[in-house]
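# Reading the structure
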Amino acid sequence: MLKTKIVYLTNDLLLGGTQSIVLDIASSIDASRYEREMWYLDDHKNGDATRPDFVPKFEEAGIRTRCFGVRRFIPGIFALRRALKEAKPDIIHVCLPDAVIIGTIAARLAGVKRVVIHEQNTHKFYSWKLNAAFAFARSLADLTIAYSDTLEDELFGAHHILRTPIERIEHRSYTI
């Protein structure tokens, strides 16, 4: 049986809540049906190799990791687009600001079938430029998952609790 390939993408894999959540999600998915990879834009260790990260935890769970070493948007989009064209994932699941913007644009340029954005934080404190970039990224995504109805209301003006089977998704955003 051909496995569905999922690439998860975050800004980094330093110890943090988002990285822990992605590890939980990726680890709980059936490895016999899904090929899982964890990609991250940069290690953000700033030369301090002793800063702890989640790389060993992902690898212990059988999930390959890949660091791109990019911190800027345009080079990041092109590096990620090349990698996605080569890897040919069926789904990319993006989390955290830089990864959402860079990953969504690169995925569409690379022809990835499904793009899922994972939102955990309010955007109220972001600049108008960053909010415009997020809005553009969300317009390219197939689905945005929000962690609260308040957040989904902020981003989409309404909220929908995900209760239906995945085959019957009717909205572009859901709260879990």
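Okay, so let's go over this structure. Everything numeric here is computed off the predicted structure, so don't read it as measured data.

## Considerations on the pattern of salt bridges
- Under the criterion given, the structure shown has 9 salt bridges.
- With a shortest N-O distance of 2.3 Å, Arg71 and Asp42 are connected by a salt bridge. With a gap of 29 residues between them, Arg71 in the loop between strand E3 (64-67) and helix H3 (73-87) and Asp42 in the loop between strand E2 (34-40) and helix H2 (55-60) connect regions that are remote in the sequence.
- In this structure Asp42 comes out as buried when scored by relative accessible area, which is 7%.

## Examining the packing of helix H4 (residues 97-110) against helix H5 (residues 128-140)
- Relative orientation of the contacting elements H4 and H5 amounts to 40 degrees, with a least axis distance of 9 Å. By the angle class used here, H4 and H5 are oblique. Where H4 crosses over H5, the two elements pack in a sense that is left-handed. On the side of H4, the interface is formed by Pro97, Val100, Ile101, Thr104, Ile105 and Arg108, while H5 contributes Leu130, Ala133, Phe134, Phe136, Ala137 and Leu140.
- Here the contact of H4 with H5 is composed, by residue class, of 10 nonpolar, 1 polar and 1 charged.

Rules and cut-offs
- Residues numbered from 1 in each chain as written.
- Predicted model: local features only at pLDDT ≥ 70, side-chain atom pairs only at ≥ 80, totals over all residues.
- Heavy atoms only, no water.
- Salt bridge = Lys/Arg side-chain N within 4 Å of Asp/Glu carboxyl O.
- Helix = DSSP H or I, 4+ residues; strand = E, 2+ residues; numbered from the N terminus.
- Buried < 20%, exposed > 50% of the residue type's maximum accessible area, 1.4 Å probe, protein only.
- Axes fitted to C-alpha atoms, helices over the stretch in contact; angles between N-to-C directions.
- Parallel < 35°, antiparallel > 145°, perpendicular 65-115°, else oblique.
- Left-handed = near helix turned anticlockwise from the far one by under 90°.
- Contact = heavy atoms within 4.5 Å.
- Nonpolar A, V, L, I, M, F, W, Y, C, P; charged D, E, K, R; others polar.

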